[in-house]
Amino acid sequence: MISTLLICGGGGSEHEVSLRTADFIERQLRQAEDIALVRVEMDGNGRLTDRNGGVRQLSQDRMLRDENGEAWEVQYVIPSIHGYPGETGDLQSLLELYGIPYYGCGPEASKNCFNKITTKLWLSALGIDNTPYQFLCSNEAEEIGKASMALQEWGQVFVKASNQGSSVGCYKVSSAEELDAALAQAFALSPYVLVEKSLTVRELEVAAYNYEGELVITPPGEVCAPADTFYSYEEKYAEGSRAVTHVEARGLSDAQLGWIKEASRRAFVGLQLKDLSRIDFFLTDDGEIYLNEVNTFPGMTSISMFPKMLENAGHDFSHYLASLIRAAVSRET
Ligand code: ADP
Ligand code: MG
Ligand code: MG
């Protein structure tokens with residue numbers, strides 16, 4: 001039996017979604033006979049509690065202890081956390097220090113992809129097209145001036161906190177008043193803010209992951225937000241979401257499919273991703289394709305694109321995850 005610790009929740013705005021992803025992963029691993037799973041929830045202070053509210057502690061000797069001092073050896077960790085500290089690379093740094101193998105990208109790749117500005121710098125360095133943007137490093141007048149200029153030039157912009165996901169801290173802005181409000185809210189969440197040109201787009205997403213030692217890049221799926229809004233938090237997760245998803249996007253040319261696949265491969269290899277990622281693209285009205293973002297720990301609720309695309313590629317999710325765990329643990333011994 002491989003003793004695997006599923007850490008879920010976390011301290012960010014995506015805590016609830018992280019629990020739903022953990023439910024999905026737990027269900028998937030229940031089918032794997034050689035994997036014993038313990039699930040703990042992490043709060044904003046990094047405190048771990050089990051299902052009964054009992055406090056658990058993970059220590060450098062790779063042991064998970066309960067309040068009575070009883071210890072369980074941890075051989076593998078699944079950080080099922082969107083946002084801080086699981087998608088940001090912080091938890092991964094701790095696991096590296098403790099020498100415990102874990103699911104997903106390392107600290108550096110996680111950090112580079114979670115920060116929307118760092119991602120753009122990397123994409124440019126890798127020669128991968130991304131949306132035009134301005135970068136604000138403070139909410140002082142001079143910096144805010146850059147945002148006003150961008151709004152004037154582009155007519156409509158997206159203001160984004162640099163360190164959020166699930167569309168938290170992401171605002172569509174068409175007027176100076178909206179810009180002020182959006183910047184205030186975005187700066188309340190993050191020290192850096194991105195102002196991006198708003199484009200009319202089709203939103204395409206690929207799953208890129210390691211399967212039996214190979215890098216798999218699926219054909220793009222598509223998410224269609226309702227015409228009156230964008231792919232906001234509500235449209236992603238709330239009941240009554242009107243967003244429609246297609247596991248395979250229709251009507252793309254071979255050239256477009258090839259471009260997306262090559263850009264995904266270059267991003268996966270260049271950013272040194274591992275195990276999983278969902279790479280999101282925008283296809284504009286003019287036929288331009290931009291890489292929007294790289295999600296190192298994409299949502300895995302029952303309706304999420306990553307597991308759906310993986311299954312659509314003919315891969316069984318439970319087998320995929322269990323074999324990554326077995327391979328990582330056997331490399332250890
Ligand atoms: P998150 O990490 O929160 O998902 P995204 O950058 O993917 O942040 O933005 C969330 C959503 O906002 C996108 O899925 C899309 O619907 C919309 N969006 C973001 N940037 C743009 C843009 N430049 N033009 C048009 N729509 C955008
Ligand atoms: Mg994201
Ligand atoms: Mg997104």
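Naming follows an unreviewed UniProt entry, where the protein appears as D-alanine--D-alanine ligase of Microbulbifer taiwanensis. The Function (unreviewed entry) comment attached to the protein in UniProt states, word for word, "Cell wall formation." Heading Sequence similarities (unreviewed entry) of the UniProt record for the protein holds this comment: "Belongs to the D-alanine--D-alanine ligase family."

Explain the sheet that holds strand E8 (residues 133-136) to me, using residue names and the numbers behind them.
Read across the sheet, four strands follow the order E8-E11-E9-E10 without closing on themselves; strand pairing throughout is antiparallel. Looking at the sheet topology across the chains shown, the edges are occupied by E8 and strand E10 (170-173). Pairs of neighbouring strands in the sheet enclose a mean axial angle of 20 degrees, with direction left out of account. Of the strands in this sheet, E8, strand E9 (157-161), E10 and strand E11 (193-197) touch helix H5 (residues 141-154), which is tilted by about 165 degrees from E8.

Any chance you could break down the nonpolar core for me, citing the residues and the numbers?
Counting residues in hydrophobic clusters, the biggest one holds 35 residues, and the most contacted among them are Tyr103, Phe306 and Tyr320. Elements represented by at least two residues in this core include exactly strand E1 (2-9), helix H1 (15-30), strand E7 (76-80), strand E12 (201-211), helix H9 (305-312) and helix H10 (317-332). Formed jointly, this core draws a minimum of three residues from each of two domains, domain 1 (2-104) and domain 2 (113-130 + 200-321). In contact with tyrosine 320, not counting residues within four places along its chain, are Tyr103, Tyr209, Asn210, Tyr211, Asp275, Leu276, Phe306 and Leu310.

Explain the pairing of strand E14 (residues 221-224) to me, using residue names and the numbers behind them.
For E12 and E14, the ladder comprises three bridges, and the chain directions are antiparallel. Within E14, the position partnered with glutamate 205 by the bridge is glycine 221. In this structure, E14 lies alongside strand E15 (residues 244-246), joined through three bridges in antiparallel fashion. Considered in E15, the bridge of glutamate 222 is made with histidine 246.

Break down the sheet that holds strand E5 (residues 63-65) for me, citing the residues and quoting the values.
Taken in spatial order, the seven strands of this open sheet run E6-E5-E4-E3-E2-E1-E7, and their pairing is mixed. Strands with a single pairing partner mark the edges of an open sheet, and in this sheet they are strand E6 (71-73) and E7. As judged from the two bridges shared by strand E2 (residues 35-42) and strand E3 (residues 48-49), these two strands associate in the antiparallel manner. Pairing of glutamate 41 across the sheet is with threonine 49, part of E3.

Before we move on, could you go through the pattern of salt bridges and cite the residues and values that matter?
Counted under the stated rule, the structure contains 20 salt bridges. Close ionic contact of glutamate 196 with lysine 160 constitutes a salt bridge, the shortest N to O distance being 3.0 Å. Here glutamate 196 is found in strand E11, whereas its partner lysine 160 is found in strand E9, with 36 residues between them in sequence. In this structure lysine 160 comes out as buried when scored by relative accessible area, which is 8%. A cluster of three or more residues bridged by salt bridges with shared partners is formed by Asp23, Glu26, Arg39 and Arg51.

Describe H10, and please don't skip the residues or the numbers.
Spanning 16 residues, H10 covers 23 Å between terminal C-alpha atoms, matching the ideal 22 Å at 1.5 Å per step. Among all positions of H10, only Phe317, Ser318, Tyr320, Leu321, Ala322, Ser323, Leu324, Ile325, Ala328 and Val329 are buried.

How would you explain the site of ligand 1 if you had to name every residue and give the values?
As a structural note, the neighbourhood of ligand 1 is formed by 19 residues, with Lys116, Lys160, Ser167, Lys197 and Glu203 the closest of them. Serine 166 is positioned such that a nitrogen or oxygen atom in its backbone is 3.2 Å from an oxygen atom of ligand 1. One of the side-chain nitrogen or oxygen atoms of lysine 236 is found 2.8 Å away from an oxygen atom of ligand 1. In isolation ligand 1 exposes 550 Å². Once the protein is present, 96% of that is buried. Secondary-structure elements contributing two or more residues to the shell around ligand 1 are E9, E11 and strand E17 (289-295). Grouping the constituent residues of the shell around ligand 1 by class yields six nonpolar, six polar and seven charged. Two domains each donate at least three residues to the shell around ligand 1, and these are domain 2 (113-130 + 200-321) and domain 3 (133-197).

Any chance you could break down the domain arrangement of the protein for me, citing the residues and the numbers?
Looking at the assigned domains, one finds that the protein contains domain 1 (2-104), domain 2 (113-130 + 200-321) and domain 3 (133-197). For domain 1 versus domain 3, the separation of C-alpha centres amounts to 34 Å.

Describe the UniProt feature "domain: ATP-grasp" (unreviewed entry) in the protein, and please don't skip the residues or the numbers.
With numbering aligned to this structure, UniProt lists the feature "domain: ATP-grasp" (unreviewed entry) at residues 120-326. Secondary structure content for residues 120-326 is 36% helix and 27% strand, and the end C-alpha separation is 34 Å.

Tell me what's going on with the packing of helix H3 (residues 107-114) against helix H4 (residues 116-125), and back it up with residues and numbers.
Following both chains from N to C, one finds H3 and H4 inclined at 100 degrees, their axes separated by 5 Å at the closest point. Here H4 runs roughly perpendicular to H3, going by the angle between their axes. Counting all contacts with H3, which are made through Asn112, Cys113 and Phe114, the residues of H4 involved are Lys116, Thr118, Thr119 and Trp122. Looking at the contact of H3 with H4, its residues break down into three nonpolar, three polar and one charged.

Conventions used here
Residues numbered from 1 in each chain as written. Chains lettered and ligands numbered in written order. Predicted model: local features only at pLDDT ≥ 70, side-chain atom pairs only at ≥ 80, totals over all residues. Heavy atoms only, no water. UniProt positions renumbered as here; feature names shortened; annotations may be inferred. Pairing = 2+ DSSP bridges. Helix = DSSP H or I, 4+ residues; strand = E, 2+ residues; numbered from the N terminus. Axes fitted to C-alpha atoms, helices over the stretch in contact; angles between N-to-C directions. Contact = heavy atoms within 4.5 Å. Core = buried A, V, L, I, M, F, W, Y, C linked by side-chain atoms within 4.5 Å. Buried < 20%, exposed > 50% of the residue type's maximum accessible area, 1.4 Å probe, protein only. Domains from an automatic or database assignment. Salt bridge = Lys/Arg side-chain N within 4 Å of Asp/Glu carboxyl O. Expected span 1.5 Å × (residues − 1). Near = heavy atom within 4 Å. Polar contact = N/O pair within 3.5 Å; in protein donor to acceptor, adjacent residues only side chain to side chain. Areas by Shrake-Rupley, 256 points an atom, 1.4 Å probe, with all protein chains shown as cover. Nonpolar A, V, L, I, M, F, W, Y, C, P; charged D, E, K, R; others polar. Parallel < 35°, antiparallel > 145°, perpendicular 65-115°, else oblique.

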